[in-house]
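Topology and contacts: notes
Chain by chain, the residues run as shown.
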Amino acid sequence: MSVLDPHAVLQLQDVHKLFGDNHVLKGVDLEVASHEVVVVIGASGSGKSTLMRTINLIEQVDDGRILLSGDDITDPRADVDKVRSRIGVVFQHFNLFPHMRVIDNVTLAARRVHKIPAADARARGVDLLTRFGLGDKVDDYPDRLSGGQQQRVAIVRAILTDPELLLLDEITSALDPQLVGEVLDLVRSLKDAGSTILMATHEMSFARGVADRIVFMHQGRILEQGSPEEILDHPREEATREFLSRVM
Ligand code: ADP
Ligand code: MG
(Lines give C-alpha, C1' and ligand atoms only; values in the text may rest on other atoms or scores of the structure.)
(Ligands and ions follow the chains in the order given, each with its own letter.)
Protein backbone atom coordinates (compact mmCIF):
# COMPACT_ATOMS: atom_id res chain seq x y z
CA MET A 1 0.00 0.00 0.00
CA SER A 2 1.30 3.43 -0.95
CA VAL A 3 2.29 6.01 1.62
CA LEU A 4 -0.71 8.28 2.09
CA ASP A 5 -0.47 11.71 0.54
CA PRO A 6 -1.60 14.10 3.28
CA HIS A 7 -2.85 16.53 0.61
CA ALA A 8 -5.01 14.03 -1.25
CA VAL A 9 -8.66 15.00 -1.45
CA LEU A 10 -9.63 11.48 -2.49
CA GLN A 11 -7.96 8.15 -1.85
CA LEU A 12 -9.30 4.78 -2.93
CA GLN A 13 -7.51 1.83 -1.40
CA ASP A 14 -8.06 -1.60 -2.93
CA VAL A 15 -11.74 -0.93 -3.62
CA HIS A 16 -13.83 -3.92 -4.67
CA LYS A 17 -17.45 -3.95 -5.81
CA LEU A 18 -19.54 -6.92 -6.82
CA PHE A 19 -23.04 -7.07 -8.26
CA GLY A 20 -24.00 -10.66 -7.50
CA ASP A 21 -21.06 -12.62 -8.92
CA ASN A 22 -20.16 -9.83 -11.37
CA HIS A 23 -16.88 -8.49 -9.95
CA VAL A 24 -17.11 -4.92 -11.27
CA LEU A 25 -14.31 -3.18 -9.35
CA LYS A 26 -11.36 -5.48 -8.78
CA GLY A 27 -9.09 -3.63 -6.39
CA VAL A 28 -8.96 0.01 -7.44
CA ASP A 29 -6.25 2.24 -5.94
CA LEU A 30 -6.58 5.90 -6.88
CA GLU A 31 -5.59 9.25 -5.44
CA VAL A 32 -6.78 12.70 -6.46
CA ALA A 33 -4.76 15.60 -5.09
CA SER A 34 -6.12 19.01 -4.24
CA HIS A 35 -6.77 21.09 -7.41
CA GLU A 36 -6.08 18.08 -9.58
CA VAL A 37 -8.25 17.13 -12.58
CA VAL A 38 -8.25 13.37 -13.14
CA VAL A 39 -10.05 12.03 -16.20
CA VAL A 40 -11.20 8.39 -16.26
CA ILE A 41 -11.48 6.74 -19.65
CA GLY A 42 -12.35 3.19 -20.62
CA ALA A 43 -14.84 1.10 -22.55
CA SER A 44 -18.49 1.00 -21.65
CA GLY A 45 -18.91 -1.48 -18.80
CA SER A 46 -15.33 -1.09 -17.51
CA GLY A 47 -16.62 0.25 -14.18
CA LYS A 48 -16.26 4.04 -14.46
CA SER A 49 -19.77 4.88 -13.22
CA THR A 50 -19.62 2.28 -10.48
CA LEU A 51 -16.37 3.85 -9.31
CA MET A 52 -18.06 7.28 -9.15
CA ARG A 53 -21.09 5.84 -7.39
CA THR A 54 -19.02 4.19 -4.66
CA ILE A 55 -17.35 7.53 -3.94
CA ASN A 56 -20.72 9.22 -3.59
CA LEU A 57 -21.89 6.29 -1.42
CA ILE A 58 -24.68 5.40 -3.83
CA GLU A 59 -23.05 1.97 -3.96
CA GLN A 60 -21.43 0.31 -0.96
CA VAL A 61 -17.95 -1.08 -1.45
CA ASP A 62 -17.48 -4.79 -0.72
CA ASP A 63 -13.84 -4.41 0.27
CA GLY A 64 -11.23 -1.69 0.59
CA ARG A 65 -11.85 1.86 1.70
CA ILE A 66 -12.34 5.39 0.45
CA LEU A 67 -10.96 8.46 2.18
CA LEU A 68 -12.25 11.99 1.56
CA SER A 69 -9.71 14.52 2.80
CA GLY A 70 -8.47 11.78 5.12
CA ASP A 71 -11.88 10.75 6.48
CA ASP A 72 -12.85 7.12 5.92
CA ILE A 73 -16.24 7.58 4.25
CA THR A 74 -16.71 3.83 3.82
CA ASP A 75 -16.72 3.38 7.59
CA PRO A 76 -20.21 2.11 8.44
CA ARG A 77 -20.46 4.88 11.04
CA ALA A 78 -19.93 7.62 8.43
CA ASP A 79 -22.84 10.06 8.03
CA VAL A 80 -23.91 9.47 4.41
CA ASP A 81 -25.74 12.79 4.01
CA LYS A 82 -22.81 14.70 5.43
CA VAL A 83 -20.37 12.94 3.11
CA ARG A 84 -22.56 13.65 0.09
CA SER A 85 -22.80 17.31 1.05
CA ARG A 86 -19.01 17.54 0.65
CA ILE A 87 -19.08 16.19 -2.91
CA GLY A 88 -20.62 17.84 -5.98
CA VAL A 89 -22.02 15.40 -8.51
CA VAL A 90 -23.23 15.73 -12.10
CA PHE A 91 -24.43 12.76 -14.12
CA GLN A 92 -25.10 12.12 -17.78
CA HIS A 93 -28.80 12.84 -17.59
CA PHE A 94 -29.78 16.21 -16.26
CA ASN A 95 -31.69 15.66 -13.11
CA LEU A 96 -33.11 19.10 -12.59
CA PHE A 97 -36.55 19.24 -11.03
CA PRO A 98 -38.92 20.24 -13.85
CA HIS A 99 -41.41 21.99 -11.55
CA MET A 100 -38.77 24.25 -9.99
CA ARG A 101 -37.21 27.38 -11.46
CA VAL A 102 -33.52 27.32 -12.29
CA ILE A 103 -32.56 29.32 -9.21
CA ASP A 104 -34.56 27.03 -6.93
CA ASN A 105 -32.97 23.94 -8.47
CA VAL A 106 -29.56 25.49 -7.95
CA THR A 107 -30.12 26.51 -4.32
CA LEU A 108 -32.26 23.64 -3.01
CA ALA A 109 -29.47 21.60 -1.40
CA ALA A 110 -27.75 24.71 -0.10
CA ARG A 111 -30.94 25.72 1.71
CA ARG A 112 -32.12 22.27 2.83
CA VAL A 113 -28.87 20.44 3.53
CA HIS A 114 -26.37 23.20 4.26
CA LYS A 115 -28.95 25.45 5.97
CA ILE A 116 -27.69 28.49 4.09
CA PRO A 117 -30.21 31.35 4.38
CA ALA A 118 -32.36 31.57 1.24
CA ALA A 119 -31.27 35.11 0.38
CA ASP A 120 -27.57 34.19 0.61
CA ALA A 121 -28.06 31.03 -1.44
CA ARG A 122 -29.96 33.01 -4.07
CA ALA A 123 -27.28 35.69 -4.26
CA ARG A 124 -24.57 33.10 -4.76
CA GLY A 125 -26.70 31.19 -7.28
CA VAL A 126 -27.42 34.29 -9.34
CA ASP A 127 -23.74 35.24 -9.24
CA LEU A 128 -22.60 31.83 -10.50
CA LEU A 129 -25.34 31.54 -13.12
CA THR A 130 -24.39 35.00 -14.41
CA ARG A 131 -20.72 34.15 -14.46
CA PHE A 132 -21.44 31.08 -16.58
CA GLY A 133 -23.69 32.84 -19.09
CA LEU A 134 -27.02 31.83 -17.57
CA GLY A 135 -27.93 35.14 -15.95
CA ASP A 136 -31.08 35.49 -18.05
CA LYS A 137 -32.29 31.98 -17.10
CA VAL A 138 -32.47 32.45 -13.32
CA ASP A 139 -36.25 32.40 -13.12
CA ASP A 140 -36.97 30.09 -16.05
CA TYR A 141 -38.14 26.50 -15.75
CA PRO A 142 -35.70 23.83 -17.00
CA ASP A 143 -37.79 22.89 -20.05
CA ARG A 144 -37.15 26.35 -21.48
CA LEU A 145 -33.40 25.64 -21.58
CA SER A 146 -31.31 23.71 -24.10
CA GLY A 147 -29.64 20.50 -22.97
CA GLY A 148 -26.32 22.30 -22.71
CA GLN A 149 -27.83 25.04 -20.58
CA GLN A 150 -29.52 22.48 -18.34
CA GLN A 151 -26.26 20.66 -17.82
CA ARG A 152 -24.51 23.94 -16.97
CA VAL A 153 -27.25 24.60 -14.41
CA ALA A 154 -26.61 21.14 -12.95
CA ILE A 155 -22.92 22.01 -12.64
CA VAL A 156 -23.72 25.33 -10.93
CA ARG A 157 -25.92 23.41 -8.51
CA ALA A 158 -23.06 21.00 -7.82
CA ILE A 159 -20.56 23.77 -7.04
CA LEU A 160 -22.84 26.14 -5.16
CA THR A 161 -21.50 25.17 -1.74
CA ASP A 162 -17.84 24.78 -2.74
CA PRO A 163 -17.57 20.99 -2.51
CA GLU A 164 -14.18 19.44 -1.80
CA LEU A 165 -14.53 17.20 -4.83
CA LEU A 166 -16.52 17.29 -8.08
CA LEU A 167 -17.58 14.01 -9.68
CA LEU A 168 -18.60 14.41 -13.32
CA ASP A 169 -19.84 11.23 -14.99
CA GLU A 170 -20.13 11.53 -18.78
CA ILE A 171 -21.87 14.86 -18.45
CA THR A 172 -21.80 15.53 -22.20
CA SER A 173 -22.76 12.06 -23.45
CA ALA A 174 -26.46 12.82 -23.82
CA LEU A 175 -25.96 16.20 -25.51
CA ASP A 176 -26.20 17.11 -29.17
CA PRO A 177 -22.65 17.56 -30.47
CA GLN A 178 -23.00 21.32 -30.90
CA LEU A 179 -23.84 21.70 -27.19
CA VAL A 180 -20.88 19.76 -25.83
CA GLY A 181 -18.40 22.63 -26.09
CA GLU A 182 -20.25 25.04 -23.82
CA VAL A 183 -20.40 22.44 -21.05
CA LEU A 184 -16.74 21.50 -21.38
CA ASP A 185 -15.78 25.20 -21.38
CA LEU A 186 -17.46 25.48 -18.00
CA VAL A 187 -15.50 22.50 -16.67
CA ARG A 188 -12.30 24.10 -17.94
CA SER A 189 -13.07 27.31 -16.06
CA LEU A 190 -13.69 25.27 -12.89
CA LYS A 191 -10.26 23.75 -13.31
CA ASP A 192 -8.78 27.22 -13.79
CA ALA A 193 -10.52 28.29 -10.57
CA GLY A 194 -8.83 25.42 -8.71
CA SER A 195 -11.57 22.82 -8.38
CA THR A 196 -10.64 19.21 -7.65
CA ILE A 197 -12.33 17.06 -10.27
CA LEU A 198 -12.74 13.36 -11.05
CA MET A 199 -14.42 13.04 -14.41
CA ALA A 200 -15.38 10.19 -16.73
CA THR A 201 -15.62 11.22 -20.37
CA HIS A 202 -15.32 10.02 -23.93
CA GLU A 203 -14.17 13.46 -25.08
CA MET A 204 -10.54 12.63 -25.73
CA SER A 205 -9.48 16.03 -27.03
CA PHE A 206 -10.93 17.62 -23.92
CA ALA A 207 -9.14 15.06 -21.74
CA ARG A 208 -5.89 15.87 -23.49
CA GLY A 209 -6.32 19.60 -22.93
CA VAL A 210 -7.62 19.63 -19.37
CA ALA A 211 -6.56 16.46 -17.52
CA ASP A 212 -3.62 16.58 -15.17
CA ARG A 213 -3.77 12.81 -15.26
CA ILE A 214 -5.66 10.24 -17.30
CA VAL A 215 -6.68 6.92 -15.80
CA PHE A 216 -7.53 4.02 -18.10
CA MET A 217 -10.01 1.55 -16.66
CA HIS A 218 -10.23 -1.93 -18.11
CA GLN A 219 -12.48 -4.68 -16.78
CA GLY A 220 -12.73 -3.20 -13.30
CA ARG A 221 -9.08 -2.33 -12.86
CA ILE A 222 -6.93 0.72 -13.47
CA LEU A 223 -4.71 -0.73 -16.18
CA GLU A 224 -2.50 2.33 -16.52
CA GLN A 225 -2.45 6.01 -15.68
CA GLY A 226 -0.29 9.00 -16.48
CA SER A 227 -0.12 12.34 -18.22
CA PRO A 228 -2.31 12.85 -21.31
CA GLU A 229 0.79 12.42 -23.47
CA GLU A 230 1.75 9.16 -21.74
CA ILE A 231 -1.69 7.60 -21.99
CA LEU A 232 -2.99 9.00 -25.28
CA ASP A 233 0.25 9.08 -27.29
CA HIS A 234 2.40 6.37 -25.71
CA PRO A 235 0.13 3.81 -24.03
CA ARG A 236 2.03 0.85 -22.64
CA GLU A 237 -0.81 -1.65 -22.58
CA GLU A 238 -2.33 -3.37 -25.59
CA ALA A 239 -5.86 -2.91 -24.20
CA THR A 240 -5.28 0.85 -23.94
CA ARG A 241 -4.07 0.99 -27.55
CA GLU A 242 -7.06 -1.03 -28.67
CA PHE A 243 -9.50 1.25 -26.81
CA LEU A 244 -7.89 4.43 -28.14
CA SER A 245 -7.94 3.15 -31.71
CA ARG A 246 -11.71 2.87 -31.38
CA VAL A 247 -12.40 6.30 -29.85
CA MET A 248 -9.77 8.64 -31.27
P1 ADP B 1 -19.10 2.19 -17.25
O2 ADP B 1 -19.59 3.41 -16.53
O3 ADP B 1 -17.61 2.16 -17.40
O4 ADP B 1 -19.80 2.00 -18.55
P5 ADP B 1 -20.49 0.71 -15.20
O6 ADP B 1 -19.84 1.05 -13.90
O7 ADP B 1 -21.77 1.40 -15.52
O8 ADP B 1 -19.43 0.92 -16.37
O9 ADP B 1 -20.77 -0.84 -15.26
C10 ADP B 1 -19.79 -1.80 -14.94
C11 ADP B 1 -20.45 -3.16 -14.79
O12 ADP B 1 -21.28 -3.14 -13.65
C13 ADP B 1 -21.33 -3.57 -15.95
O14 ADP B 1 -21.14 -4.97 -16.14
C15 ADP B 1 -22.72 -3.28 -15.44
O16 ADP B 1 -23.66 -4.13 -16.04
C17 ADP B 1 -22.59 -3.56 -13.97
N18 ADP B 1 -23.50 -2.76 -13.15
C19 ADP B 1 -23.46 -1.42 -12.98
N20 ADP B 1 -24.42 -1.01 -12.13
C21 ADP B 1 -25.10 -2.12 -11.76
C22 ADP B 1 -26.21 -2.36 -10.87
N23 ADP B 1 -26.80 -1.36 -10.20
N24 ADP B 1 -26.62 -3.63 -10.73
C25 ADP B 1 -26.01 -4.64 -11.37
N26 ADP B 1 -24.96 -4.49 -12.21
C27 ADP B 1 -24.51 -3.25 -12.40
MG1 MG C 1 -20.82 5.00 -17.11
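Residues numbered from 1 in each chain as written. Chains lettered and ligands numbered in written order. Predicted model: local features only at pLDDT ≥ 70, side-chain atom pairs only at ≥ 80, totals over all residues.

Quick word on the sheet that holds strand β6 (residues 87–90)
Where we set the bar: In this scheme, strands are said to pair when DSSP sees at least two bridges between them. For helices the rule is a DSSP run of H or I covering at least 4 residues; for strands it is a run of E covering at least 2, with both sets numbered from the N terminus onward. Axis lines are fitted through C-alpha atoms, for helices just across the contact stretch, and the angle between N-to-C directions can take any value from 0 to 180 degrees. What counts as a contact is two residues whose backbone-derived C-beta atoms lie within 7 Å of each other.
The six strands are arranged β6-β7-β8-β3-β9-β10 in an open sheet whose pairing can be described as mixed. Only two strands of the sheet have a single neighbouring strand rather than two, namely β6 and β10 (221–226). Strand-to-strand twist in this sheet, taken as the mean axis angle between neighbours without regard to direction, amounts to 20 degrees. Packed onto the sheet, helix α1 (residues 48–55) meets β3 (37–41), β6, β7 (165–169), β8 (197–200) and β9 (213–218) and runs at close to 150 degrees relative to β7.

Some words on the packing of helix α3 (residues 102–112) against helix α4 (residues 118–131)
In a pair of packed helices, the angle between the axes and the distance between the axes together describe the arrangement. Rules: Roughly parallel here means an angle under 35 degrees, roughly antiparallel means over 145, roughly perpendicular means 65 to 115, and every remaining angle is called oblique. A crossing counts as left-handed when the near helix is turned anticlockwise from the far one by less than a right angle, and as right-handed when that turn is clockwise. Side-chain classes are defined by residue name, with Ala, Val, Leu, Ile, Met, Phe, Trp, Tyr, Cys and Pro counting as nonpolar, Asp, Glu, Lys and Arg as charged, and the others, Gly among them, as polar.
Between α3 and α4, whose axes approach to 9 Å, the crossing angle comes to 130 degrees. Taken together, the axis directions place α3 and α4 in an arrangement best described as oblique. For the pair α3 and α4, the crossing hand works out as right-handed. Taken together, the residues of α4 that come into contact with α3 (itself represented by Val102, Ile103, Val106, Thr107, Ala110 and Arg111) are Ala118, Ala121, Arg122, Gly125, Val126 and Leu129. Each residue belonging to the contact of α3 with α4 can be placed in one class, and the counts come to eight nonpolar, two polar and two charged.

Some words on the site of ligand 1
Rules: Each residue gets a C-beta atom placed from its backbone. If that atom is within 6 Å of a molecule or strand, the residue is near it.
Around ligand 1 sit Phe19, Asn22, Val24, Gly42, Ser44, Gly45, Ser46, Gly47, Lys48, Ser49 and Thr50, and those are all the residues in its vicinity. Among the elements of the structure, β2 (22–33) and α1 are those that each provide at least two residues to the shell around ligand 1. Tallying contributions element by element places α1 first for the shell around ligand 1, with three residues. Of the residues that constitute the shell around ligand 1, the class distribution is two nonpolar, eight polar and one charged.

A look at α1
Helical geometry: 3.6 residues make up each α-helical turn, so side chains three or four residues apart lie on a common side. Rule in force here: With C-beta atoms placed from the backbone, a residue is labelled by how many other C-beta atoms lie within 10 Å of its own: buried for 20 or more, exposed for 12 or fewer, partly exposed between the two.
In terms of burial, α1 is largely enclosed, as six of its eight residues are buried. Buried residues of α1: Lys48, Thr50, Leu51, Met52, Thr54 and Ile55, and no others. The first or second residue beyond α1 is Leu57, which carries a positive phi of 60 degrees.

Quick look at the sheet that holds strand β4 (residues 63–68)
Backbone hydrogen bonds are what pair the strands of a sheet, in a parallel or an antiparallel way. Strand order in the open sheet formed by four strands is β2-β1-β4-β5, and the pairing between neighbours is antiparallel. Looking at which strands have only one partner, the edges of the open sheet turn out to be β2 and β5 (71–72). Where strand β1 (residues 8–19) meets β2, nine bridges bridge the pair, whose relative direction is antiparallel. Its bridge partner lying in β2, Val15 is registered against Val28.

Considering the pairing of β3
With five of its five residues buried, β3 lies for the most part within the structure. Because side chains alternate across β3, one face comprises the buried residues Val37, Val39 and Ile41, and the other comprises Val38 and Val40, equally buried. Inspection of the sheet shows β3 paired to β8 by four bridges, in the parallel sense. The residue bridging Val37 from the neighbouring strand is Ile197, located in β8. Pairing analysis gives four bridges linking β3 to β9, with the strands arranged parallel. Across the sheet, Ile41 pairs through a bridge with Phe216, a residue of β9.

Function-wise, these values are silent; they only describe arrangement.
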